[in-house]
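Okay, here's what each chain looks like letter by letter:
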Amino acid sequence: MKKRVTKAIFPVAGLGTRFLPATKSIPKEIMTLVDRPLIQYAIDEARAAGIKDFIFVTSRGKSALEDYFDNAPELENQLRKKGKTDLLEALKTTNMESGAIAYIRQHRAMGLGHAVWCARRLLGNEPFAVILPDDVIAAETPCLQQMVEAHAEIGGNMVAAMEVPAAKTSAYGVLDIKEDMGAVVSVKGMVEKPEPGTAPSNLAVIGRYILTPAIMENLNKIKTGAGGEVQLTDAIAQEIVNSDNVYGFRFRGQRYDCGSKAGFLQATVAFALGRDDLRDEFMAYLGDLMAARSAAQ
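Residues numbered from 1 in each chain as written. Predicted model: local features only at pLDDT ≥ 70, side-chain atom pairs only at ≥ 80, totals over all residues. Heavy atoms only, no water.

Colleague: What is the right way to look at the overall build of the chain in this model?
Modeller: Helix and strand counts for the chain stand at 10 helices and 13 strands. If you line up the chain on its principal axes, its C-alpha atoms span 60 × 55 × 35 Å. About 15,700 Å² of surface is accessible on the chain, with carbon and sulfur atoms providing 51% of the total. (Helix = DSSP H or I, 4+ residues; strand = E, 2+ residues; numbered from the N terminus. Areas by Shrake-Rupley, 256 points an atom, 1.4 Å probe, with all protein chains shown as cover.)

Colleague: Would you mind going over the environment of I137 with me for this structure?
Modeller: Mapped onto the secondary structure, I137 falls in strand β7 (residues 135–138). Distance from I137 to S98, taken between C-alpha atoms, is 28 Å for residues 39 residues apart in sequence. Setting aside residues no more than four positions away along its own chain, I137 makes contact with C143, I206, R208, F251, Q254 and R255. (Contact = heavy atoms within 4.5 Å.)

Colleague: Can you walk me through helix α7 (residues 214–221) in this structure?
Modeller: One full turn of an α-helix is made of 3.6 residues, so residues set three or four places apart face in the same direction. Those residues of α7 lying buried are I215, M216, N218 and L219. Angularly, the buried residues of α7 cover 160° about the axis, an arc narrow enough to put them on a single face. Along α7, the residues that are exposed and aim more than 90 degrees away from the buried face are N220 and K221. Check the buried side of α7 and you find it contacts β1 (7–11), α5 (112–117), β6 (128–131), β8 (157–163), β11 (203–211) and α8 (232–242). (Buried < 20%, exposed > 50% of the residue type's maximum accessible area, 1.4 Å probe, protein only. Arc of directions from axis to C-beta.)

Colleague: Is there a simple way to think about unusual backbone geometry in this case?
Modeller: Among all residues save glycine, negative phi is the norm, and among peptide bonds the norm is trans. Here the amide bond leading from L20 into P21 is cis, since omega sits at 10°, within 30 degrees of zero. Along the chain, P21 turns up in the loop between β1 and β2 (32–33). Even without a glycine there, the phi angle at V34 is positive, about 65°. Overall, V34 belongs to the partly exposed group, its relative accessible area being 27%. A positive phi angle, close to 50°, is found at D244, a residue other than glycine. As for its placement among the helices and strands, D244 is situated in the loop between α8 and β12 (246–250). The partly exposed category is assigned to D244, whose relative accessible area is 41%.

Colleague: How should the state of the cysteines be read in this particular structure?
Modeller: Covalent bonding between the sulfur atoms of two cysteines defines a disulfide. Counted according to the given criterion, the structure contains zero disulfides. Distance from the sulfur of C143, which forms no disulfide, to the nearest cysteine sulfur (C258) is 14 Å. Overall, the relative accessible area of 0% leaves C143 in the buried class. (Disulfide = S-S within 2.5 Å.)

Colleague: Hey, could you run me through the pairing of β1 in this one?
Modeller: Side-chain positions along a regular strand alternate between the two faces of the sheet. By the criterion of burial, β1 is predominantly enclosed, with five of the five residues buried. The alternating pattern of β1 places K7, I9 and P11 and A8 and F10 on opposite faces, both of which are buried. Bridge analysis of β1 against strand β4 (residues 53–58) gives five bridges, and the strand direction is parallel. Bridge pairing links K7 to D53 in β4. Direction of pairing for β1 relative to β6: parallel, over a ladder of two bridges. The residue of β6 that forms the bridge with A8 is A129. (Pairing = 2+ DSSP bridges.)

Colleague: Honestly, the packing of helix α9 (residues 261–273) against helix α10 (residues 279–296) in this entry has me stumped. Any pointers?
Modeller: What describes two packed helices is the angle between their axes and the distance between those same axes. Following both chains from N to C, one finds α9 and α10 inclined at 130°, their axes separated by 8 Å at the closest point. In terms of orientation, α9 and α10 fall into the oblique class. Contacts from V269, A272 and L273 of α9 reach α10 at R279, F282, M283 and L286. Residues of the contact of α9 with α10, tallied by class, amount to six nonpolar, no polar and one charged. (Axes fitted to C-alpha atoms, helices over the stretch in contact; angles between N-to-C directions. Parallel < 35°, antiparallel > 145°, perpendicular 65-115°, else oblique. Nonpolar A, V, L, I, M, F, W, Y, C, P; charged D, E, K, R; others polar.)

Colleague: I'm lost on the environment of A296 in this one. Help?
Modeller: Residue position: A296 is located in helix α10. Sequence separation between A296 and K261 is 35 residues, and the spatial gap between their C-alpha atoms is 25 Å.

Colleague: Whenever I open this one, the pattern of salt bridges confuses me. Can you help?
Modeller: Once the charged atoms of two side chains with opposite charge are near each other, the side chains can pair. This model, assessed by the stated rule, comprises 14 salt bridges. The salt bridge partner of R275 is D35, with a shortest N-O separation of 3.0 Å. Of this pair, R275 sits in the loop between α9 and α10 while D35 sits in the loop between β2 and β3 (36–37), and the two are 240 residues apart along the sequence. On the accessibility criterion, D35 (48% relative accessible area) is partly exposed. Put simply, D277 and R275 hold a salt bridge, and the shortest N to O gap is 2.9 Å. Using a relative accessible area of 52% as the deciding quantity, one classes D277 as exposed. Through salt bridges that share partners, D35, R275 and D277 make up one connected network. (Salt bridge = Lys/Arg side-chain N within 4 Å of Asp/Glu carboxyl O.)

Next comes the structure, spelled out in structure tokens:
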């Protein structure tokens, strides 16, 4: 019987240097798309997939993340006195039960693989998810939920994947496909950030994973790889050799790279236009803006 995926690791130790100076004082994961921080989108996706235990791999300067998921009794009392029940309901999604979140420090920036390895003692002998909050995915059925449902059928190690232009494969981990079964592909190899023109496919790995405990054993043995870091991709690739149980999953949805400024802005526009309370006013503003720019040219 396959074990359910109930634990997820959130690697949030990065410095967010691409968003300086804002990230000098706030974690990048607290930056908001409309009125919800990036980490809230990741948590909501995990909850929808049945995750019960949330493991944050953090670093110095990330205390705002802990505060965000704590109760705010003074704020709640003020909202209650003023009858602002809608805002009280919104706050409920930010509260976590005591003990549901664990925080682990990554003392040195040694890559995604090392960040995942830091959580090894909290996982036990069961599969676990890894969610990168930088990758925000808009989907009717949340991406991780799609993956958990597929994983219940086939097990093994599973990575979310999407097709990217050949010119951009050097920015991703890329799958070498053994068998294409539609939504799921079996994988015979993985290449981290291949040189232009050398990628085995255009199916790129993005920030959602379901992994077996064997990945931690592989990470124990791996030395630094691409970029002088411990690469999670290398540990997953080793499982292709050891167990031949690695799969890519073509999720249904739109991924936004909120680790880049352009991607963050694109996501902001898309999520604002998806809101009934903002769409008309925002669309009118964008139309006026484009008309003004066209006239100026």
